[in-house]
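# Results of the structural survey
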Amino acid sequence: MNLDKINYYGVSRADYQACQEQIDRRATTYLVFVVLVAVLLTDKFWTTGAFYLAMLLVLSFCSYYFKGPIMWELDSFNGLTFTLVALALNYIVQRERIASFLLFNKYKENQRELRV
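I will try to describe carefully the structure that is included in this document. (Residues numbered from 1 in each chain as written. Predicted model: local features only at pLDDT ≥ 70, side-chain atom pairs only at ≥ 80, totals over all residues. Heavy atoms only, no water.)

### Things to note about the overall build of the protein
Quick note on the threshold: Under the DSSP-based scheme used, a helix requires at least four consecutive residues in state H or I and a strand at least two consecutive residues in state E, with every element numbered from the N terminus. When a residue's accessible area, from a 1.4 Å probe over protein chains only, is under 20% of the maximum for its type it is buried; when over 50% it is exposed; and in between it is partly exposed. With residues, only the protein chains shown are counted as cover, and all accessible areas are computed by Shrake-Rupley using a 1.4 Å probe.
For the protein, the helix and strand inventory stands at four helices and zero strands. Of the regular secondary structure in the protein, the N- to C-terminal order runs α-α-α-α. By the burial criterion, 24% of the 116 residues in the protein qualify as buried. Per element, the accessible surface of the protein, about 9100 Å² overall, is 66% carbon and sulfur.

### A short note on the packing of aromatic side chains
To keep things clear, this is the line we draw: Note on aromatic contacts: the rings of Phe and Tyr and the six-membered ring of Trp form a pair at centre separations within 6.5 Å, being stacked when their planes are under 30 degrees apart, edge-to-face when over 60 apart, and tilted otherwise.
On inspection of all chains with the given rule, the structure shows six aromatic pairs. Their ring planes at 80 degrees and their centres at 6.0 Å tell us that Phe-45 and Tyr-91 sit as a pair that is edge-to-face. Of this pair, Phe-45 sits in helix α3 (residues 45-67) while Tyr-91 sits in helix α4 (residues 69-115), and the two are 46 residues apart along the sequence. Members of the aromatic cluster, connected to one another through ring pairs, are Phe-45, Trp-46 and Tyr-91.

### Considering α3
In plain terms, the rule: An expected span of 1.5 Å times one less than the residue number is assigned to each helix.
Taking 1.5 Å per residue as the helical rise, α3 with its 23 residues ought to reach 33 Å, and the 32 Å between its terminal C-alpha atoms agrees with that figure. Turning to α3, its buried residues number three or more, namely Thr-48, Tyr-52, Met-55, Leu-56, Leu-59, Ser-60, Ser-63 and Lys-67.

### Remarks on the environment of Asn-78
In this structure, Asn-78 sits in helix α4. In this structure the C-alpha to C-alpha distance between Asn-78 and Leu-31, which are 47 residues apart in sequence, comes to 8.0 Å.

### Some words on the environment of Leu-36
In this fold, Leu-36 is placed in helix α2 (residues 27-40). Of the residues examined, Leu-36 reaches a relative accessible area of 47% and is grouped as partly exposed. Taking the C-alpha atoms as reference, Leu-36 lies 9.6 Å from Asn-90; in sequence the two are 54 residues apart.

Here's what the structure looks like:
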């Protein structure tokens with residue numbers, strides 16, 4: 001970001017530089033982990049939602065404790081966004097798995113009927 005345009009966006013140079021110094025590349029690991037869990041975790045939707053809520057609370061607590069309030073706001077927003085996307089992804093994946101399972105069972109049932 002161009003430092004001349006920072007004041008135009010309402011951010012002081014000191015705040016911008018403080019944020020740049022506090023950026024932690026490991027925070028993106030949470031985002032990847034959330035998406036992987038959405039695809040791999042097979043459980044009830046409410047249980048999965050509770051698990052995501054617990055992960056988001058841990059992320060928010062660690063972010064506030066280790067990075068401070070400025071980065072906590074950004075990490076919480078990113079975490080909440082990815083959590084909602086992951087829940088939607090989990091719902092879609094589980095719905096497709098159930099549809100595939102039902103189709104496979106119907107196929108097996110039709111095979112049994114044809115043999116008899």
